[in-house]
Amino acid sequence: MTIRVSLDKVLADRDMSLTALSERIGVTIANLSILKTGKARAVRFSTLDALCRALECQPGDILSFDAGSVQTDTGDGTE
Amino acid sequence: MKTLDENLLSSKLAKPFGQKSLSSGLAVALKIAQVIISALFAIAAVAAVFTTTLFILVAMHRVPAKVFNGPHRGDNILSTWTVAIPYLVYAVVATRGALLIVRRLQSVFSSFVANQPFARDNAAHLRAIWLTLVVIEITRITAFIVMHGLTAAFASAASVTFPRGLDPIDPVRWFVIFVVLILAEVFRQGAQLREDSELTV
């Protein structure tokens, strides 16, 4: 995956737990864990909006593009 | 006033997936089909072994054998080997293939009954089904060619009766194979979309 998720770093900077974030934005811990561990295939704009509001950050603080990583094929030509 | 189709659609029987649905009914039918095809496979396998052994014994003059029924009554049984052996090989392959297909379909329908139609394994099951159908079809065509080739080389075409249903090209069978092939791809895409949906945050 060439898109890196830095949710753990942003959470650590704000001294916030995943559980607290989950309660604040109404996304389950399971789904936040999927996002945090980089297993997510897609992120809804609504989720990104809620994350940025709760963490008072920009989308670029949570997501970044790493061109050096190996791209994995999902079978439909997208990643 | 509801039409017959509306009544059928609103009835529990018309429910495609889950318990007490069309899928669960078909799953029961597949169990019955499995028993019947298992019996046919056993009969074909025993017949193939028995007939081959009989032909060998007749060829070695251990058993004097004559055809005792049908249009070739009184002929030496060896005159039928050019048709019987390829046909029995085809019968064994076809029944064994049908058994594999029924088992794969049972797995597919068990996922339908569990309300999980786009389980990832279903694409693999459907792929195995169309590949099995191709193998059966190729065996059928090969049996047809071998049967006529052996008869032309070792027997008189007038002395044997070719079984029906072994014509070399059957468009309907190939159409079914292509439909299952496309369904396998649809289920693969469906499983992919389902995984994408589950991994969307």
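What you see is a predicted model, and the numbers here were worked out from it, not measured in a lab.

**A few points about the environment of Thr132(B)**
Residues and elements named next belong to chain B.
Consideration 1: Among the secondary structure elements, Thr132 is positioned in helix H4 (residues 120-154).
Consideration 2: Taking the C-alpha atoms as reference, Thr132 lies 7.8 Å from Leu100; in sequence the two are 32 residues apart.
Consideration 3: Other than its neighbours up to four places away in sequence, Thr132 contacts Gly97 and Ile101.

**Some details on the pattern of salt bridges**
Consideration 1: The final tally for this structure, using the stated rule, is eleven salt bridges over all chains.
Consideration 2: Salt-bridge contacts for Arg41(A) lead to Glu195(B); the nearest nitrogen and oxygen are separated by 3.4 Å. With Arg41(A) in the loop between helix H3 (29-36) and helix H4 (45-55) and Glu195(B) in helix H5 (residues 171-198), the pair connects residues from two separate chains.
Consideration 3: On the basis of relative accessibility, which here comes to 27%, the residue Arg41(A) falls in the partly exposed class.
Consideration 4: The exposure class of Glu195(B) is partly exposed, given its relative accessible area of 22%.
Consideration 5: In this structure, the salt-bridge partner of Arg41(A) is Asp196(B), at a minimum N-O distance of 2.4 Å. With Arg41(A) in the loop between H3 and H4 and Asp196(B) in helix H5, this pair bridges two chains.
Consideration 6: One network of salt bridges, in which partners are shared, links Arg41(A), Arg120(B), Glu195(B) and Asp196(B).

**Here we look at the interface of chain A and chain B**
Consideration 1: Every contact between the two is made by 14 residues of chain A and, on the other side, eight residues of chain B.
Consideration 2: Between chain A and chain B lies a buried interface of about 990 Å² when both sides are counted; carbon and sulfur atoms form 48% of it.
Consideration 3: Looking only at chain A, the three residues that lose the most surface to chain B are Arg41(A), Ala42(A) and Arg44(A), adding up to 47% of its buried area.
Consideration 4: Across the contact surface, chain A and chain B share six residue pairs in polar contact (both at pLDDT 80 or more).
Consideration 5: Here the side of chain A that touches chain B gets three residues from one element, more than from any other, and that element is H3(A).
Consideration 6: Looking at the side of chain A that touches chain B, its residues break down into six nonpolar, four polar and four charged.

Parameters at a glance
- Residues numbered from 1 in each chain as written.
- Chains lettered and ligands numbered in written order.
- Predicted model: local features only at pLDDT ≥ 70, side-chain atom pairs only at ≥ 80, totals over all residues.
- Heavy atoms only, no water.
- Helix = DSSP H or I, 4+ residues; strand = E, 2+ residues; numbered from the N terminus.
- Contact = heavy atoms within 4.5 Å.
- Salt bridge = Lys/Arg side-chain N within 4 Å of Asp/Glu carboxyl O.
- Buried < 20%, exposed > 50% of the residue type's maximum accessible area, 1.4 Å probe, protein only.
- Buried area = accessible area lost by both parts, 1.4 Å probe.
- Polar contact = N/O pair within 3.5 Å; in protein donor to acceptor, adjacent residues only side chain to side chain.
- Nonpolar A, V, L, I, M, F, W, Y, C, P; charged D, E, K, R; others polar.

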